Amino acid sequence: MIRNVLGSLVALAGAASAVLSPFRDWYAGRAGQDYRVEDLFGGITAAEPGVLVSMLLPFLAAALLVIVGVVLRSRLVVALAGLVVLGFTILWMVRQGQAAGSLVVAGDGSGLQVGVVNALAGGLLMLIGALLISGRGRRSRREREPVEPYAAPAADQVDTWPPTQEPGMSVQTSPWPEPEVDPYTGPDPRDPRTRSYPQAPPAESDPRDPVHPPHRPPPPPQG
């Protein structure tokens, strides 16, 4: 958030500097608005154009791109605006150098002046602002799709279900351990309703009991 605000302010400051530059002197006392845009492609002439067909035109277009890029938080649009300003300024310097034979910086105002500095600084500020703008963050796939914190295991597997970490089948939904149930031991002989039911033989006398086999007396000693 802070990067977006800072980048937007820097880019807007660059746009303001670029738009202001044609109203200041560029070379030998001649303002930027006195240069036609078509002179950049056919050569510098002494003709004085209207404001809307001068160097102000591409800089206004770049300023509009900056505003759109700031609103949309688009780094690409803001960077494109900076490249437009720098491109037209450098192209003007090439054409002016061809027309004058050379480009000089003189303190008496006979060479490059503050208008060119404003244009170059505006383009650089736009590029810096584009780098500072973080853009629209793309939500990761994990944020877009809800993810279950714990995946349910298969029905035939034992899991440790949260939050108690008690072992149990996957269908367990209670946070407490399941109560233990006493094993069935047959009908109660004291209950008159089940007294007539057949009773299970004692474990000691049931030869089919694999856990408690019947005890056989030891064989007599042989004399």
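Keep in mind that this is a model prediction, so the values were computed, not measured. (Residues numbered from 1 in each chain as written. Predicted model: local features only at pLDDT ≥ 70, side-chain atom pairs only at ≥ 80, totals over all residues. Heavy atoms only, no water.)

(A) Inspection of the packing of aromatic side chains at higher detail. Applying the stated rule across the entire model yields three aromatic pairs. The interplanar angle of 25° and the centroid separation of 6.1 Å between the aromatic rings of W26 and F59 together place this pair among those described as stacked. Of this pair, W26 sits in strand β1 (residues 25-27) while F59 sits in helix α3 (residues 56-72), and the two are 33 residues apart along the sequence. Assigned by exposure class, W26 and F59 land together as buried. Aromatic pair W26 and W92: ring centres 4.9 Å apart, planes at 90°, arrangement edge-to-face. Pair noted here: W26 is in strand β1 and W92 is in helix α4 (residues 75-100), with a separation of 66 residues, a long-range link. In terms of burial, W26 and W92 fall into one category: buried. A cation sits over an aromatic face here: R30 above Y35, 4.2 Å from the ring centre. (Phe/Tyr/Trp six-rings, centres within 6.5 Å; stacked < 30°, edge-to-face > 60°. Helix = DSSP H or I, 4+ residues; strand = E, 2+ residues; numbered from the N terminus. Buried < 20%, exposed > 50% of the residue type's maximum accessible area, 1.4 Å probe, protein only. Lys NZ or Arg CZ within 6 Å of the ring centre and 35° of its normal.)

(B) A look at α4. Here α4 contains 26 residues, and its C-alpha end-to-end distance of 37 Å stays within 8% of the 38 Å for a straight helix at 1.5 Å per residue. If you check which residues of α4 are buried, you get V78, A79, A81, G82, V85, L86, T89, W92, Q96 and G97. Buried residues along α4 sit in contact with α1 (2-20), β1, α2 (39-42), α3 and α5 (114-132). Two residues or fewer past α4, G101 is found with a positive phi of approximately 90°. (Expected span 1.5 Å × (residues − 1). Contact = heavy atoms within 4.5 Å.)

(C) Broad picture of the environment of A61. Looking at the element boundaries, A61 is found in helix α3. Overall, the relative accessible area of 40% leaves A61 in the partly exposed class. Sequence spacing of A61 and V19 is 42 residues, and the spatial spacing of their C-alpha atoms is 9.4 Å.

(D) How the structure looks around the packing of α3 against α4. Interaxial distance between α3 and α4 falls to 7 Å at its minimum, and their mutual angle equals 165°. Considered as vectors, α3 and α4 are oriented roughly antiparallel to each other. Between α3 and α4 lies a crossing whose hand is left-handed. Packed against α3, whose contacting residues are P58, F59, A62, L65, V66, G69 and V70, the element α4 presents V77, V78, L80, A81, V84, V85, F88 and T89 at the interface. (Axes fitted to C-alpha atoms, helices over the stretch in contact; angles between N-to-C directions. Parallel < 35°, antiparallel > 145°, perpendicular 65-115°, else oblique. Left-handed = near helix turned anticlockwise from the far one by under 90°.)

(E) Spatial organisation of the nonpolar core. Residues W26, Y35, M55, V66, W92 and M126 are the most contacted members of the largest nonpolar core, which totals 25 residues. If you list the elements that add at least two residues to this core, you get α1, β1, α3, α4 and α5. Leaving out residues up to four positions away in the same chain, M55 has contacts with P22, W26, G32, Y35, V37, L40, F88 and W92. (Core = buried A, V, L, I, M, F, W, Y, C linked by side-chain atoms within 4.5 Å.)

(F) Quick look at the pattern of salt bridges. Considering all chains together, one arrives at two salt bridges under this definition. Between R36 and E38 there is a salt bridge, with its nearest N and O atoms 3.2 Å apart. Exposure remark for R36: the relative accessible area of 21% places this residue in the partly exposed category. It is possible to trace a salt-bridge network through shared partners that takes in R36, E38 and D39. (Salt bridge = Lys/Arg side-chain N within 4 Å of Asp/Glu carboxyl O.)

(G) Summary view of the side chain of N118. Take N118: it is sitting in helix α5. At 3.2 Å, the side chain of N118 forms a polar contact with the side chain of R24. Leaving out residues up to four positions away in the same chain, N118 has contacts with S17, A18, S21 and R24. (Polar contact = N/O pair within 3.5 Å; in protein donor to acceptor, adjacent residues only side chain to side chain.)

(H) View of the packing of α1 against α3. Where α1 meets α3, the axes come as close as 9 Å, and the angle between the chain directions of the two elements is 165°. Classified by the angle their axes make, α1 and α3 are roughly antiparallel. You can see that α1 and α3 cross each other, and the crossing is left-handed. Contacts between α1 and α3 involve S8, A11, L12, A15, A18 and V19 from the first element and L56, F59, L60, A63, V66, I67 and V70 from the second. Residue composition of the contact of α1 with α3, grouped by class: 12 nonpolar, one polar and no charged. (Nonpolar A, V, L, I, M, F, W, Y, C, P; charged D, E, K, R; others polar.)

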